[in-house]
Amino acid sequence: AQSVTQLGSHVSVSEGALVLLRCNYSSSVPPYLFWYVQYPNQGLQLLLKYTTGATLVKGINGFEAEFKKSETSFHLTKPSAHMSDAAEYFCAVSRDGGATNKLIFGTGTLLAVQP
Amino acid sequence: DAGITQSPRHKVTETGTPVTLRCHQTENHRYMYWYRQDPGHGLRLIHYSYGVKDTDKGEVSDGYSVSRSKTEDFLLTLESATSSQTSVYFCAITAGPGPGELFFGEGSRLTVL
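Because the structure is predicted, anything quoted here is derived from the model rather than measured.

(A) View of the overall build of chain B. When helices and strands are tallied, chain B shows zero helices and 11 strands. Going from N to C terminus, chain B has its helices and strands arranged as β-β-β-β-β-β-β-β-β-β-β. Over its C-alpha trace chain B gives a radius of gyration of 13 Å, about what one expects of a compact globule, namely 13 Å for 113 residues. Split into buried and exposed, the 113 residues of chain B put 49% on the buried side. Pairs at least 24 apart in sequence give 54% of the contacts found in chain B among residues at least 6 apart. Counting only carbon and sulfur atoms, one obtains 48% of the accessible surface of chain B, whose full area is about 5,200 Å². Counting 11 positive and 13 negative side-chain charges, chain B places the centres of these two groups 3 Å from one another.

(B) Spotlight on the sheet that holds strand β1 (residues 3-7) of chain A. Residues and elements named next belong to chain A. Within the open sheet, the five strands sit side by side as β1-β3-β8-β7-β6. Their pairing is antiparallel. Each of the sheet's edge strands pairs with one partner strand only, and the pair in question is β1 and β6 (56-58). Recorded for the sheet is a direction-independent mean angle of 20° between the axes of neighbouring strands. Across four bridges, the pairing between strand β3 (residues 19-26) and strand β8 (residues 73-78) is antiparallel. Across the sheet, residue Val19 finds its bridge partner in β8, namely Lys78.

(C) A look at the interface of chain B and chain A. Taken together, the contacts link 23 residues of chain B with 23 residues of chain A. The interface formed by chain B and chain A includes one salt bridge. Here A:Arg95 ties to B:Glu59 by a salt bridge, and the two come within 2.9 Å at their closest N and O atoms. At the junction of chain B and chain A, the tally comes to six residue pairs in polar contact (both at pLDDT 80 or more). When residues of the side of chain B that touches chain A are traced back to their parent elements, those giving at least two are β4 (31-38), β5 (42-51) and β9 (87-94) of chain B. Here the element with the most residues in the side of chain B that touches chain A is β5(B); it accounts for four residues. Looking at the side of chain B that touches chain A residue by residue, the class counts come to 10 nonpolar, nine polar and four charged.

(D) Inspection of the packing of aromatic side chains at higher detail. The final tally for this structure, using the stated rule, is 14 aromatic pairs over all chains. Look at B:Tyr33 and B:Tyr48: their rings are 6.2 Å apart centre to centre, the planes differ by 20°, and that puts the pair in the stacked class. With B:Tyr33 in strand β4 and B:Tyr48 in strand β5, the pair connects residues that are 15 residues apart, well separated along the chain. One exposure class covers both B:Tyr33 and B:Tyr48, and it is buried. Taken together, the ring pairs in this structure connect A:Phe34, A:Tyr36, A:Phe105, B:Tyr35, B:Phe90 and B:Phe104 into an aromatic cluster.

Reading the values: the criteria
- Residues numbered from 1 in each chain as written.
- Chains lettered and ligands numbered in written order.
- Predicted model: local features only at pLDDT ≥ 70, side-chain atom pairs only at ≥ 80, totals over all residues.
- Heavy atoms only, no water.
- Helix = DSSP H or I, 4+ residues; strand = E, 2+ residues; numbered from the N terminus.
- Rg over C-alpha atoms; globule rule 2.2 N^0.38 Å.
- Buried < 20%, exposed > 50% of the residue type's maximum accessible area, 1.4 Å probe, protein only.
- Contact = heavy atoms within 4.5 Å.
- Areas by Shrake-Rupley, 256 points an atom, 1.4 Å probe, with all protein chains shown as cover.
- Lys, Arg positive; Asp, Glu negative; His and termini not counted.
- Charge placed at Lys NZ, Arg CZ, Asp CG, Glu CD.
- Pairing = 2+ DSSP bridges.
- Axes fitted to C-alpha atoms, helices over the stretch in contact; angles between N-to-C directions.
- Salt bridge = Lys/Arg side-chain N within 4 Å of Asp/Glu carboxyl O.
- Polar contact = N/O pair within 3.5 Å; in protein donor to acceptor, adjacent residues only side chain to side chain.
- Nonpolar A, V, L, I, M, F, W, Y, C, P; charged D, E, K, R; others polar.
- Phe/Tyr/Trp six-rings, centres within 6.5 Å; stacked < 30°, edge-to-face > 60°.

Here is the structure:
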């Protein structure tokens, strides 16, 4: 069965500092992995996704993530945090190897950015 | 704006009453989903639809039913609401079977007293 684990429910960084949000997955099939962001009182929006091919995936707003099969990880990074990055971030894996859009979401990481 | 409207956006109801949440899309997408979001659980799939009158269960479907009589509308019904169904409910749509981008509505916050 597929699952994702997000390490750290709350992460706080200073403006301009590196952002690192951790996600580890478990999958019995080649995983399709996603990062979504949720701003207050809004729905989720896609940051980036990994399906096949290049393991370093670039997304919107300067975020990127690297698929590491050996570590079963898909950590999200951004070199320099902005105040506008404060939000909740969700890692997700496809339930059935990408055949559908039924996703299994992690429990989320709330990112705070300090001035 | 992904053209998704959820209604009502906020609702307070009492245990045992029926509740229907509506998701309306203007994108003519075939696939629609209902998720619930709870602290410590992330988002969990309740039901989904892959076409008019074609629906299936997700991982937390007990106590919920859905209907889709038109492409643009996907209704989620709680036949007899319970306090455990207090949650934020999100509708999502996507154009293809997978693995594409899910577009989410702004959510419906339901409180069951």
